[in-house]
Amino acid sequence: MGSNQKFKEFVMRTAESVADLSQREKVAYAIDKYEESFATGLSRYSKLTVARQRAGYLKNKALNELDRYLIEFEDNFTSNGGKIIWARDAEEARDEIAKMIKKRGVSKVVKSKSMITEEIHLNEFLINKGIDVCETDLGEFIVQLAGDKTFHIVTPAMHFSKKDVSTLYAEKLSAPENFTPEEITQFTRNHLRPKFAEAQMGITGANFLISDMGGVAITENEGNGLLTMSVPKTHLVIAGIDKLIPSLENLDVFWPLLASHGTGQSVTAYNSIITGPRKEGEFGGPEEVILILIDNGRTNILAQEKQRQALSCIKCGACLNACPVYKLIGGKAYGTTYQGPIGAVLTPFLLGFDEYSHLSFASSLCGKCDTVCPVIIPLHNMLIYNRNYAIKNGFKAISNTRRVKWFTKVSSSRKLLDLPSSSLKNMIVGQIMKKSWGKEREMPKLAEKSFNQQYKERN
Ligand code: SF4
């Protein structure tokens, strides 16, 4: 940690975000609103802990027997008429998509909100190939229009105020100034409708892959996902191998937990289960459904007994909203697809500890994330395991190691702790901590006398 470029960029972005008071105000406002809805969402449960335990158990069961569930899912999905392509990493997935698009002469694509397409940088890839890619989720649409990055795994445009969005629409879409949120929604709807009809391919992610029926469960609030998957001729689903759940009946626990922890709703507005292409005699639906199942580093996590449980994440975003670090620095500072506590656990395994181990250190370890997680992932323990893994495997900052050695030496020496001159001690600490403390904050002063000295004097 610390010596690499990614770490330096992270520190720079973090400093910028912390200094951006306007962004902090917008994030605080959005999370305050979320917290109210979240409390309402949880209050609907009479036995929340039981539901969380059951959800955690089911996801862990699917992970521990993933080989069996993946085969069962593949059998069922293909016998429903769907096609599965396995991809080891992002490059393989993108290559497959490129072949698919070429073969079908696709020039226009509509997308519903999907984190895995961001993980494999699909939009950039398709746009470079000359494909017209249109995000249809309102938040993602705003982010795409602004040429920005997703800020949060559930609310991608959290860092935009109503005014920001209205100004953006006026600039980019020649919409009237000072649009209200209702007008923005209506305008976006009218803007997007023809896109669905023109697109030859609709791309979605998946919230859950249901093993015993070979179905893909997709949940959303706007209905744009429903249009994305049903209007174009080809529906392409992209999902990680961690999305498996054993059975259709398990949705009774997962759908409400995802809704209550994601947005505070009792259940999300649109919940679809895709079981293959349009059948003979059916009126609507795509002519073909293709699923790309991606590993992209997930088996690296699966191989870690202690961190494996992180794959049971259902991407509700609750741990981000609870995290004091996320609240302060926001989503973009992480520079990764998955932010907050879960991002800090997953990303080093997905993208490499050599460049991303610093994320597991960017936490106060307060443990609030554990208390809100609907599948009871012990996130703060996992951050500690990751730190341990990073240090044991040599991914550590030289400067950090020196600092820890220095601290150990000083704190175990009575003579040094009792040094008579506090100004000298303040100077030494100030010098050592200068870089990490930053210019914006004033370094607290050490007490005139050590605790030991004061204790002796009083007694
Ligand atoms: S780790 Fe838990 S709280 Fe965080 S996004 Fe995943 S499921 Fe939600």
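Residues numbered from 1 in each chain as written. Predicted model: local features only at pLDDT ≥ 70, side-chain atom pairs only at ≥ 80, totals over all residues. Heavy atoms only, no water.

Some details on the overall build of the chain
Assigned secondary structure in the chain consists of 23 helices and ten strands. The C-alpha atoms of the chain give a radius of gyration of 25 Å, which matches the 23 Å a tight globule of 459 residues would have. By principal-axis analysis of the C-alpha atoms, the chain measures approximately 90 × 55 × 45 Å. For the chain, with 459 residues in total, the buried portion stands at 49%. If you take every contact in the chain between residues at least 6 apart in sequence, the share linking residues at least 24 apart comes to 74%. Here the chain displays about 22500 Å² of accessible surface, and carbon together with sulfur accounts for 54% of that area. (Helix = DSSP H or I, 4+ residues; strand = E, 2+ residues; numbered from the N terminus. Rg over C-alpha atoms; globule rule 2.2 N^0.38 Å. Buried < 20%, exposed > 50% of the residue type's maximum accessible area, 1.4 Å probe, protein only. Contact = heavy atoms within 4.5 Å. Areas by Shrake-Rupley, 256 points an atom, 1.4 Å probe, with all protein chains shown as cover.)

Points about the sheet that holds strand S5 (residues 208–210)
With mixed pairing, four strands are arranged side by side in an open sheet as S8-S5-S6-S9. Lying at the two open borders of the sheet, with one neighbouring strand each, are strand S8 (244–245) and strand S9 (270–274). Across three bridges, the pairing between S5 and strand S6 (residues 215–220) is antiparallel. Bridged to Ile210 within S6 is Gly215. The strands that helix H12 (residues 251–262) touches are S5, S6, S8 and S9; relative to S5, the one it contacts most, it runs at about 170°. (Pairing = 2+ DSSP bridges. Axes fitted to C-alpha atoms, helices over the stretch in contact; angles between N-to-C directions.)

Brief notes about the site of the ligand
Close to the ligand lie 13 residues; Cys313, Cys316, Gly317, Cys319 and Cys373 are nearest. Across the shell around the ligand, the residue classes tally to eleven nonpolar, one polar and one charged. (Near = heavy atom within 4 Å. Nonpolar A, V, L, I, M, F, W, Y, C, P; charged D, E, K, R; others polar.)

Re the packing of aromatic side chains
In the structure shown here, the tally under the stated rule is 14 aromatic pairs. When the centroid spacing of 5.4 Å and the interplanar angle of 20° are considered together, the rings of Phe73 and Phe77 count as stacked. A residue pair is termed a helical-turn pair when its members lie 3 or 4 positions apart in one helix, as Phe73 and Phe77 do in helix H4 (residues 66–79) at four residues. We note that Phe73, like Phe77, is buried. Ring plane angle 65° and centroid distance 5.6 Å describe the contact between Phe179 and Phe187, whose orientation is recorded as edge-to-face. (Phe/Tyr/Trp six-rings, centres within 6.5 Å; stacked < 30°, edge-to-face > 60°.)

Let's talk about the packing of helix H16 (residues 340–351) against helix H19 (residues 379–392)
In helix packing, the relevant descriptors are the interaxial angle and the interaxial distance, both defined with respect to the helix axes. Packing of H16 against H19 brings their axes to within 9 Å, and their N-to-C directions diverge by 30°. At the point where H16 passes H19, the crossing takes the left-handed sense. Each of Pro341, Ile342, Ala344, Val345, Pro348 and Phe349 in H16 lies in contact with H19, whose residues at this interface are Leu379, Met382, Leu383, Asn386 and Tyr389. Of the residues belonging to the contact of H16 with H19, the class tally is ten nonpolar, one polar and no charged. (Left-handed = near helix turned anticlockwise from the far one by under 90°.)

A closer look at helix H1 (residues 5–19)
Side chains three or four residues apart in an α-helix point the same way, a direct result of the helix having 3.6 residues per turn. Here H1 spans 21 Å end to end across 15 residues, near enough to the 21 Å set by a 1.5 Å rise per residue. Restricting attention to buried positions, one finds in H1 the residues Phe10, Thr14 and Ser17. The arc that holds every buried residue of H1, seen down its axis, measures 65°, which confines them to one face. Exposed residues pointing more than 90 degrees away from the buried face of H1 are listed as Gln5, Met12 and Glu16. (Expected span 1.5 Å × (residues − 1). Arc of directions from axis to C-beta.)

Structural notes on the pattern of salt bridges
This model, assessed by the stated rule, comprises 17 salt bridges. One salt bridge connects Lys99 with Glu96, and the closest N-O pair in it is separated by 3.3 Å. You can see Lys99 and its partner Glu96 sitting in helix H5 (residues 90–104), three residues apart, about one turn around the helix. If you follow the salt bridges from partner to partner, you end up with Glu119, Asp242, Arg298 and Lys315 in one network. (Salt bridge = Lys/Arg side-chain N within 4 Å of Asp/Glu carboxyl O.)

Description of the nonpolar core
Phe208, Leu209, Val216, Phe254 and Leu291 are the most contacted members of the largest nonpolar core, which has 81 residues in total. Residues from two domains meet in this core; each of domain 1 (5–11 + 311–392) and domain 2 (56–296) gives at least three. Residues within four places of Val216 in sequence aside, it is in contact with Phe73, Phe77, Ala206, Phe208, Leu209, Val237, Ser272, Ile273 and Ile274. Formed by 24 residues, the second largest nonpolar core is a distinct cluster that contains Met100, Ile101, Ile120 and Met201. (Core = buried A, V, L, I, M, F, W, Y, C linked by side-chain atoms within 4.5 Å. Domains from an automatic or database assignment.)

Here we look at unusual backbone geometry
Positioned with a positive phi, Asn178 is a non-glycine residue whose angle comes to about 55°. In this structure, Asn178 sits in the loop between helix H9 (162–173) and helix H10 (181–198). Residue classification places Asn178 among the exposed residues on the basis of a relative accessible area of 58%. Located in the positive-phi region is Ile376, a residue other than glycine, with phi close to 50°. Inspection of the secondary structure puts Ile376 in the loop between helix H18 (368–372) and H19. Owing to a relative accessible area of 31%, Ile376 belongs among the partly exposed residues under this scheme.

Brief notes about the environment of Asn321
Structurally, Asn321 is set in helix H14 (residues 318–322). Asn321 gets classed as buried once you look at its relative accessible area, which sits at 3%. Expressed as a C-alpha distance, the spacing of Asn321 and Ala310, which sit eleven residues apart in the sequence, is 17 Å. Setting aside chain neighbours within four positions, we find Asn321 in contact with Ile31, Tyr34, Glu35, His152, Met158 and Lys327. In terms of polar contacts, Asn321 uses its side chain to reach the side chain of His152, at 2.8 Å. (Polar contact = N/O pair within 3.5 Å; in protein donor to acceptor, adjacent residues only side chain to side chain.)

Side note on the domain arrangement of the chain
Domain assignment breaks the chain into domain 1 (5–11 + 311–392), domain 2 (56–296) and domain 3 (409–458). Here domain 2 and domain 3 have C-alpha centroids that lie 54 Å from each other.

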